[in-house]
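An overview of the molecular structure
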Amino acid sequence: MTWLITLVAGVVGVPRPVAGIIAWTAIAVAISGAVFAGYEFIKHKGADEVRAKIEKGNQDAIRKGIDARMSLDECIDAGGVYDFGRQRCTAATLGPR
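Description of the structure in this document.

Calculation criteria
Residues numbered from 1 in each chain as written. Predicted model: local features only at pLDDT ≥ 70, side-chain atom pairs only at ≥ 80, totals over all residues. Heavy atoms only, no water. Helix = DSSP H or I, 4+ residues; strand = E, 2+ residues; numbered from the N terminus. Rg over C-alpha atoms; globule rule 2.2 N^0.38 Å. Contact = heavy atoms within 4.5 Å. Areas by Shrake-Rupley, 256 points an atom, 1.4 Å probe, with all protein chains shown as cover. Lys, Arg positive; Asp, Glu negative; His and termini not counted. Charge placed at Lys NZ, Arg CZ, Asp CG, Glu CD. Phe/Tyr/Trp six-rings, centres within 6.5 Å; stacked < 30°, edge-to-face > 60°. Buried < 20%, exposed > 50% of the residue type's maximum accessible area, 1.4 Å probe, protein only. Salt bridge = Lys/Arg side-chain N within 4 Å of Asp/Glu carboxyl O. Core = buried A, V, L, I, M, F, W, Y, C linked by side-chain atoms within 4.5 Å. Patch = residues over 30% accessible without salt bridge, like charges linked within 9 Å, V, L, I, M, F, W, Y side chains within 5 Å.

**Some remarks on the overall build of the protein chain**
A tally of helices and strands in the protein chain yields 2 helices and 2 strands. Listed N to C, the secondary structure of the protein chain is α-α-β-β in terms of helices and strands. Taken over C-alpha atoms, the radius of gyration comes to 34 Å for the protein chain, far larger than the 13 Å a tight globule of 97 residues would show. Taken along its principal axes, the extent of the C-alpha atoms in the protein chain is 100 × 15 × 15 Å. Considering only contacts within the protein chain whose residues lie at least 6 apart along the sequence, 2% involve residues at least 24 apart. By element, 67% of the accessible surface of the protein chain is carried by carbon and sulfur atoms, the whole surface being about 7800 Å². Here the protein chain carries 12 positive and 10 negative side-chain charges, and the mean point of each set is 8 Å from the other.

**A look at the packing of aromatic side chains**
With the rule as written, the count across this model stands at 1 aromatic pair. With centroids separated by 5.0 Å and ring planes inclined at 70°, the aromatic side chains of Tyr82 and Phe84 adopt a geometry described as edge-to-face. What makes Phe84 exposed here is its relative accessible area of 59%.

**Some remarks on the pattern of salt bridges**
In this structure the tally under the stated criterion is 4 salt bridges. Among the salt bridges present, the one from Glu40 reaches Lys43, with a minimum N-O distance of 3.6 Å. Within this pair, Glu40 and its partner Lys43 are both found in helix H2 (residues 16–77), separated by 3 residues, close to a single helical turn. You can call Lys43 partly exposed: its relative accessible area is 40%. The salt bridge involving Asp60 is made with Arg63; its shortest N-O contact spans 3.0 Å. In this pair, Asp60 and Arg63 both sit in helix H2, 3 residues apart, roughly one turn of the helix.

**Description of the nonpolar core**
Counting 5 residues, the largest nonpolar core is built from Ile5, Val8, Ala9, Ala19 and Ala23. Taken together, the elements giving at least two residues each to this core come down to helix H1 (2–13) and H2. For this core, the element with the highest residue contribution is H1, accounting for 3 residues. The contact partners of Ile5, leaving out residues within four places of it in the chain, are Arg16, Ala19, Gly20 and Ala23.

**Observations concerning a nonpolar patch on the surface**
There is a patch of nonpolar side chains on the surface, built from Trp3, Leu7, Val11, Val12, Val18 and Ile22 and spanning about 600 Å² of accessible area. For the nonpolar patch, the secondary structure elements donating two or more residues are H1 and H2. In terms of residue count, the dominant contributor to the nonpolar patch is H1 (4 residues). Tracing the chain through its elements places Trp3 in helix H1.

Structure representation (structure tokens):
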């Protein structure tokens, strides 16, 4: 650390106590920057993982919706009534709906 203070004092042309303050400030800024960069990296990585999980869930829901819609259309075309609770087609009703 002494060599760094001597180097700062020689380059900047300030007394050694001021050079020490400058050197410690530079070290603190570098460490703070590294910690902040690590935090941002971890935060964005976690957000990307959550985003990917949500996207997968959305794609599954879309696929299931398309399958159910096709089943609903086929059921209605055949004259049946689609039971959404059981997700299947039942026989046509005897009276008006």
